[in-house]
Amino acid sequence: MLENLAQAVALVSREQVKGAAWSAETLARAVIDDARSGNASCENIEEVERLIVSANPTMGSLSNLAWTLREACLHGFPIQDAAEAFLEYIRSSRAEVISHARDLVKDKPITVVTLSYSSNVLETLASLGPLLRKVYVLESLPGGEGRHAAVELRSRRIDVELLPDTAASLVIGSVDVVLIGADNVTLDGCVYNKVGSRNLAILAGYFGKPVVAAFEPYKISPEAQCGGVRILERSYVAEPWGEVTYKVFDELTRDLVDAVLSVRGLGDNTPANLSALRKSFEEWIMDRFLRGTKQAEAGR
């Protein structure tokens, strides 16, 4: 019985603010706990994979966690080691993305508009220090994730202003860049981020403002294509109408995203660049497996 993983899946499925990194971390830790208790192993890897992806079918981080576990089993490594390697990559790749934050800045402090709650976006902005003039954050309704992001930025003493989603057009002309996160990225250039991202990107295009998506390579899906990603749906009650069903994520086609900020810095949103980033993730994971094997052999 994959008790810890089942509980983590339920938790991730309910979460409406925290994003792809937190979801993958939560599920990876659950896999480690179940592996330690003898309930998760390569013998039931198919069930482990199914549960992980079911938590949120839109998130590339979850399909890549499942990929990492499966690759470990194919090469004779325990899934506990694979989950630990994935957690290590989350930490190291996030730090690499943040280290390239100044790629966003040219010759003067910048003003940014963003939405939703992305750990990459928040950490990137916070790292800019005096090079960041101001941040506008959209509420990101109906989930309201932007409210939480604005509070987090304010706690770090950043000049931030929370705006209704419909007020984006009032400030877009005064910003230098639109910075968004990503819950999934396809090799052919589609970026999936919280609902409202597409409208903001279209608005940015009209005003000639660049749209940059910040994400780590473990969010790139090697098999998915634009238009082929299953998008999670939720609902809420809008009185006096009643229940409204909406798609939690937007699909931003390649023409709507001008650049990506990842472990190799600021780059273009082309299949060649995305494939290279994805390959860097795969190579890191396989190297981590081999290093773990050598360390184990040396300790014998």
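Report on the accompanying structure. All values reported here derive from a predicted model rather than from experimental measurement.

Here's the deal with the packing of helix H1 (residues 3-14) against helix H2 (residues 20-36)
Packing of H1 against H2 leaves a shortest axis separation of 7 Å and a crossing angle of 165°. Classified by the angle their axes make, H1 and H2 are roughly antiparallel. For H1 against H2, the interelement crossing comes out right-handed. Every residue of H2 that contacts H1 at Glu-3, Asn-4, Leu-5, Ala-8, Val-9, Leu-11 and Val-12 is listed here: Trp-22, Ser-23, Thr-26, Leu-27, Ala-30, Val-31, Asp-33 and Asp-34. Split by residue class, the contact of H1 with H2 holds 9 nonpolar, 3 polar and 3 charged.

Observations concerning helix H7 (residues 145-155)
Within H7 the residues assigned to the buried category are Glu-145, Gly-146, Ala-149, Ala-150 and Leu-153. Burial along H7 is one-sided: seen end-on, the buried residues are contained in an arc of 135°. Across H7 from its buried face, at more than 90 degrees, point the exposed residues Arg-154 and Ser-155. The elements touched by buried residues of H7 are helix H6 (119-127), strand E2 (132-138), strand E3 (160-163) and strand E6 (191-194). The first or second residue beyond H7 is Arg-157, which carries a positive phi of 60°.

Re the state of the cysteines
Scanning all chains against the criterion turns up 2 disulfides. Between the sulfur atoms of Cys-42 and its disulfide mate Cys-73 the distance is 2.1 Å. Between Cys-42 and Cys-73 the disulfide shows an S-S torsion of about -90°. By sign, it is left-handed. Within this pair, whereas Cys-42 is found in the loop between H2 and helix H3 (45-54), its partner Cys-73 is found in helix H4 (residues 60-74), the two being separated by 31 residues in sequence. Of the residues examined, Cys-42 reaches a relative accessible area of 33% and is grouped as partly exposed. The disulfide partner of Cys-190 is Cys-226, and the S-S distance across this bridge is 2.2 Å. With the S-S dihedral at roughly 125°, the linkage between Cys-190 and Cys-226 falls on the right-handed side. Pair noted here: Cys-190 is in the loop between strand E5 (184-186) and E6 and Cys-226 is in the loop between strand E8 (220-221) and strand E9 (233-238), with a separation of 36 residues, a long-range link. The class for Cys-190 is buried, based on a relative accessible area of 0%. A relative accessible area of 32% places Cys-226 in the partly exposed class. Each disulfide in the protein links cysteines that, numbered along the sequence, combine into the pattern 1-2, 3-4.

Some thoughts on the side chain of Lys-219
Positionally, Lys-219 belongs in the loop between strand E7 (211-214) and E8. A distance of 2.9 Å separates polar atoms of two side chains, one belonging to Lys-219 and the other to Glu-216. Ignoring sequence-local partners within four residues, the contact set of Lys-219 consists of Ala-20, Ala-21, Gly-60, Ser-61, Asn-64, Asn-120, Ala-182, Asn-184 and Val-185.

A look at the pattern of salt bridges
Summed over the entire model, instances satisfying the criterion amount to 16 salt bridges. Residue Glu-123 pairs with Arg-156 through a salt bridge whose shortest N-O separation is 2.8 Å. Of this pair, Glu-123 sits in helix H6 while Arg-156 sits in the loop between H7 and E3, and the two are 33 residues apart along the sequence. Classification of Glu-123 by relative accessible area gives partly exposed; the value is 27%. When its relative accessible area of 32% is taken as the criterion, Arg-156 is described as partly exposed. Note that Glu-282 is salt-bridged to Arg-278, the shortest N-O span being 2.9 Å.

Section: the packing of aromatic side chains
For the structure shown, the criterion picks out 9 aromatic pairs. Aromatic pair Phe-86 and Phe-281: ring centres 6.2 Å apart, planes at 90°, arrangement edge-to-face. With Phe-86 in helix H5 (residues 79-99) and Phe-281 in helix H10 (residues 271-298), this pair connects stretches of sequence that are 195 residues apart. Each member of the pair, Phe-86 as well as Phe-281, carries the same accessibility label: buried.

Comments concerning the side chain of Asp-250
When you line up the elements, Asp-250 lands in strand E11 (residues 249-252). Although Asp-250 lies buried, it forms no salt bridge, and the closest oppositely charged side chain, Arg-198, sits 6.5 Å away as judged by the N-O distance. Only 3.2 Å separates the side chain of Asp-250 from the backbone nitrogen of Ser-197, close enough to count as a polar contact.

A word on the environment of Val-185
Among the secondary structure elements, Val-185 is positioned in strand E5. Taking relative accessible area as the criterion, Val-185 reaches 0% and is therefore assigned buried. Remark: the alpha-carbon pair of Val-185 and His-148, spanning 37 residues in sequence, is separated by 24 Å.

Calculation criteria
- Residues numbered from 1 in each chain as written.
- Predicted model: local features only at pLDDT ≥ 70, side-chain atom pairs only at ≥ 80, totals over all residues.
- Heavy atoms only, no water.
- Axes fitted to C-alpha atoms, helices over the stretch in contact; angles between N-to-C directions.
- Helix = DSSP H or I, 4+ residues; strand = E, 2+ residues; numbered from the N terminus.
- Parallel < 35°, antiparallel > 145°, perpendicular 65-115°, else oblique.
- Left-handed = near helix turned anticlockwise from the far one by under 90°.
- Contact = heavy atoms within 4.5 Å.
- Nonpolar A, V, L, I, M, F, W, Y, C, P; charged D, E, K, R; others polar.
- Buried < 20%, exposed > 50% of the residue type's maximum accessible area, 1.4 Å probe, protein only.
- Arc of directions from axis to C-beta.
- Disulfide = S-S within 2.5 Å.
- Polar contact = N/O pair within 3.5 Å; in protein donor to acceptor, adjacent residues only side chain to side chain.
- Salt bridge = Lys/Arg side-chain N within 4 Å of Asp/Glu carboxyl O.
- Phe/Tyr/Trp six-rings, centres within 6.5 Å; stacked < 30°, edge-to-face > 60°.
- Lys, Arg positive; Asp, Glu negative; His and termini not counted.

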